[in-house]
Structure formats: C-alpha cells, structure tokens
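The primary structure of each chain is shown beneath.
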Amino acid sequence: MANQLLKGKKGIIFGALDESSIAWKVAERAHEEGAEILLTNAPVAMRMGAIQELATRINAEIVPADATSMEDIKTLLETAAQKFGKVDFILHSIGMSPNVRKGRAYTDLNYDFLVKTYDVSAVSFHKVMQQAYQMDLMNEWGSIVALSYIAAQRTFGKYNDMAEAKALLESIARSFGYHFGKKSKVRVNTISQSPTPTTAGSGVAGFDKMLTYADKMSPLGNASALECADYCISLFSDLTRKVTMQNLMHDGGFSSVGVSEEILENIQL
Ligand SMILES: NC(=O)c1ccc[n+]([C@@H]2O[C@H](COP(=O)([O-])OP(=O)(O)OC[C@H]3O[C@@H](n4cnc5c(N)ncnc54)[C@H](O)[C@@H]3O)[C@@H](O)[C@H]2O)c1
C-alpha cells in the first residue's frame with residue numbers, strides 16, 4: 001500500500017530494536033512511502049545487531065546515540081544536517097524504566113531509577129527537540145511524533161512509573177508543539193498506542209492479559225505495530241499539517257469504552 005506520501009522527505013527514527021519494534025515498522029513504511037531515513041538507537045542496542053539488517057534493507061545510515069546524552073544527540077543531529085540539510089520528520093519511539101526492569105513495585109520505587117525512567121522515556125524527547133530547535137534543523141511543516149500509552153490518563157497498576165513518564169511525555173509534546181509551531185510551523189504530537197507485543201511492551205508484568213483485555217474492550221480490536229506505523233506515516237505526510245499539540249488515541253476505540261459485552265460475558269457471579 002505505498003502511495004509515495006513521503007516522497008522527498010527526510011526523517012530520523014529512534015528506537016528500532018528488532019522486527020517487533022514499532023519504530024522498525026515505521027522505518028519500513030516510511031521507506032516504502034519514499035522517505036530517506038537516518039536510524040538511531042542506544043549504543044547497547046547496536047550490539048544486538050538486528051538494526052544493521054534493517055539499515056541495509058532500507059538503505060539507511062545508523063548513528064548510535066543515547067537519547068539522554070546531549071552530546072550524543074548533538075552529534076546525531078549534526079550528522080543528519082550534513083546528510084539531509086534539513087529534516088521533515090522525527091519519530092521518538094523510546095521507553096525504559098529501571099523500576100519495571102528490576103521488579104520494584106509502584107509503592108516501593110527507587111527514586112534514582114525514577115529519574116532515569118523520566119530521562120530515558122520523556123525528557124529525551126525534550127532534549128531531541130531542543131537541539132533540533134536550536135539548530136533550526138526542521139523544515140517548515142515538518143512533523144515530530146512520540147509514542148505514548150493510556151496509562152498517562154488512567155491507572156494500570158503494573159505500568160508502574162512509566163505512567164508518570166508518559167504523562168510528562170504528552171505534556172512536553174503540547175508545550176514544545178507551541179514553540180515549534182510558532183518558530184517554523186512544525187507539528188508535535190503523541191500517539192497513544194494499544195498494547196503491542198514488543199520487547200518494551202512485554203517487559204510490563206501481566207502484559208499478555210493486558211493485551212487480551214484491551215483487545216476484548218476495543219470494538220475494532222487492538223491496533224498492531226504496523227497499523228501504528230501507518231498512522232505515523234499519515235502524521236509525517238502533508239495531509240495532517242494542522243494537527244499539532246495532540247495526544248492521538250490509536251487504540252481501536254478502547255479509550256471510549258466503559259465495558260464491552262465480551263468482558264461482561266467472562267465475569268462469573
Ligand atoms: N509495546 C507497547 O505495548 C506500547 C504501547 C504504547 C506505547 N508504546 C511505546 O512505544 C515506544 C516504542 O516501544 P516498543 O513497544 O516498540 O518497544 P522496543 O523495545 O522495540 O523499543 C524501545 C526502544 O527504546 C530504546 N531505548 C531505550 N533506552 C534508550 C536510550 N537511552 N537511548 C536511545 N534509545 C533507547 C531501545 O533500544 C528500544 O529500541 C515506547 O515509547 C513505548 O513506551 C509501546
């Protein structure tokens with residue numbers, strides 16, 4: 001289903017770890033739609049090797065960068081500027097919580113870990129945009145997207161401190177969207193995606209049950225990683241130029257349902 005929606009556009013994609021990653025699907029779809037891409041991920045992700053395979057397939061350069069390091073971000077964006085001149089789109093598809101990884105309960109958080117959760121999963125979005133803003137890297141009518149989850153608005157017990165990180169991420173999108181819109185007509189949005197079987201997703205305790213629950217609650221069923229990629233493409237294209245500072249639900253209707261028949265049918269009295 002390629003329509004050359006991104007023909008001539010250049011973009012930076014953060015977070016393709018393996019074939020299941022949402023960012024991986026976005027990179028493949030953006031390539032199909034005619035975009036040129038620069039891939040980036042944390043140096044540790046390079047050692048896993050899969051991103052090299054994607055880069056070869058879509059003819060993209062890879063620049064390793066820890067998204068919490070201003071030095072790495074500067075080097076990355078300077079490389080993008082040398083390669084592309086200006087950039088049309090950026091995808092931030094990064095999330096990690098040491099509290100989740102180390103099995104700390106929400107009621108027993110390690111606060112050094114909490115700061116790391118915020119830095120990796122939310123503040124990194126500000127860091128990337130601030131560097132791009134100060135370098136005047138974005139083309140007019142460019143588009144910047146980050147990926148969020150509904151735990152920013154509603155409580156999902158096992159999502160832990162990532163809930164606060166997503167709330168911060170969505171707030172940063174709104175605030176920076178104002179400044180980037182004023183400066184160079186760049187739009188900034190978050191997509192709030194259904195639970196999706198990926199490395200980061202599966203790290204949340206009870207993930208399989210959450211996935212099934214969301215699927216049964218959503219009249220259209222859960223949105224897949226590929227469907228999320230399609231939505232990202234629409235937001236990078238010129239067809240959504242006045243959509244900005246929004247948290248956009250991409251969840252098959254989950255967020256508007258109180259309870260579904262399928263869930264009620266499974267309750268034993
Ligand atoms: N999978 C889900 O259920 C789901 C649902 C809604 C939103 N999201 C969000 O989608 C985004 C992508 O996650 P995914 O599900 O594709 O999982 P993933 O594990 O494939 O991607 C997460 C990425 O973050 C990268 N990363 C971690 N620390 C980093 C750092 N310091 N610097 C640079 N990169 C770093 C990892 O290397 C990895 O590529 C995340 O923001 C996640 O919270 C996921």
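Just so it is clear, the model here is predicted, and its values are computed rather than measured.

Quick notes on the rules
Residues numbered from 1 in each chain as written. Predicted model: local features only at pLDDT ≥ 70, side-chain atom pairs only at ≥ 80, totals over all residues. Helix = DSSP H or I, 4+ residues; strand = E, 2+ residues; numbered from the N terminus. Rg over C-alpha atoms; globule rule 2.2 N^0.38 Å. Buried ≥ 20, exposed ≤ 12 C-beta atoms within 10 Å, placed from the backbone. Near = placed C-beta within 6 Å. Nonpolar A, V, L, I, M, F, W, Y, C, P; charged D, E, K, R; others polar. Pairing = 2+ DSSP bridges. Contact = placed C-beta atoms within 7 Å. Axes fitted to C-alpha atoms, helices over the stretch in contact; angles between N-to-C directions. pLDDT = per-residue confidence, 0-100. Parallel < 35°, antiparallel > 145°, perpendicular 65-115°, else oblique. Left-handed = near helix turned anticlockwise from the far one by under 90°. Core = buried A, V, L, I, M, F, W, Y, C linked by C-beta atoms within 7 Å.

Engineer: Explain the overall build of the chain residue by residue, including any values.
Structural biologist: In terms of regular secondary structure, the chain is built from 11 helices and seven strands. Against the compact-globule benchmark of 18 Å for 269 residues, the chain has a radius of gyration of 18 Å, which places it among compact chains. A principal-axis box enclosing the C-alpha atoms of the chain has dimensions of 65 × 40 × 40 Å. When burial is assessed residue by residue, the chain has 44% of its 269 residues classed as buried.

Engineer: Run through the site of the ligand, naming residues and quoting values.
Structural biologist: Among the 27 residues in the neighbourhood of the ligand, the closest are listed as S21, G95, T198, A200 and G201. Among the elements that make up the shell around the ligand, the one with the highest residue count is helix α8 (residues 199–202) (three residues). A per-class count over the shell around the ligand returns 14 nonpolar, 12 polar and one charged.

Engineer: Residue-level account of the pairing of strand β4 (residues 87–92), with values.
Structural biologist: Counting buried residues in β4 gives six out of six residues, a clear majority hidden from the surface. Where strand β1 (residues 10–14) lies against β4, three bridges are found, and the strand directions are parallel. Looking at β4, one finds that G11 is bridged to F89. Judged from the five bridges that link them, β4 and strand β5 (residues 138–148) form a sheet pairing that is parallel. Across the sheet, the residue bridging to V87 is M138, located in β5.

Engineer: Requested: an account of the sheet that holds strand β2 (residues 36–40), with residues and values cited.
Structural biologist: Strand pairing in a sheet is mediated by backbone hydrogen bonds. Such pairs are either parallel or antiparallel. Reading across the sheet, the seven strands line up as β3-β2-β1-β4-β5-β6-β7 and stay open at both edges, with parallel pairing between neighbours. In this open sheet, the two edge strands, each paired with only one partner strand, are β3 (61–62) and β7 (247–250). In the sheet, β2 pairs with β3 via two bridges, with the strands oriented parallel. In the sheet register, L38 faces β3, and the bridge partner there is E61. Running at roughly 170° to β2, helix α3 (residues 50–58) makes contact with β2 and β3 of the sheet. Its contacts with the sheet place helix α4 (residues 70–84) against β1, β2, β3 and β4, and it is angled at close to 160° to β2.

Engineer: Which residues make up the confidence of the model for the chain, and what values do they have?
Structural biologist: Within the chain, residue pLDDT values average 97, and 100% of them lie at 70 or more. Confidence, read as mean pLDDT per element, is least for α8 in the chain (87) and greatest for strand β6 (residues 187–193) (99).

Engineer: Break down the packing of α4 against helix α6 (residues 111–135) for me, with residues and values.
Structural biologist: Here α4 crosses α6 at 45°, and the two axes come no closer than 10 Å. Looking at the two axes, α4 sits oblique to α6. Crossing geometry of α4 relative to α6 is assigned as right-handed. Contact residues: M70, I73, K74, L77 and A81 in α4; K127, V128, Q131, A132 and M135 in α6.

Engineer: Could you give me a rundown of the nonpolar core, with the residues and numbers involved?
Structural biologist: Across soluble globular proteins, nonpolar side chains show a tendency to be buried alongside one another. Grouped together as the largest cluster of nonpolar side chains are 69 residues, with contacts concentrated most on I13, A27 and C232. Residues contacting I13, with those up to four places away along its chain left out, are A23, V26, A27, I37, L39 and L91.

Engineer: Could you give an account of the environment of E227, naming the residues involved and the relevant values?
Structural biologist: By secondary structure assignment, the location of E227 is in helix α10 (residues 225–236). We classify E227 as partly exposed; it has 18 C-beta atoms within 10 Å. Expressed as a C-alpha distance, the spacing of E227 and Y118, which sit 109 residues apart in the sequence, is 27 Å.

Engineer: A description of the environment of K9 should follow, citing residues and the corresponding values.
Structural biologist: Inspection of the secondary structure puts K9 in the segment before β1. Excluding residues within four positions of it along the chain, K9 makes contact with A35, D88, F89 and F236.

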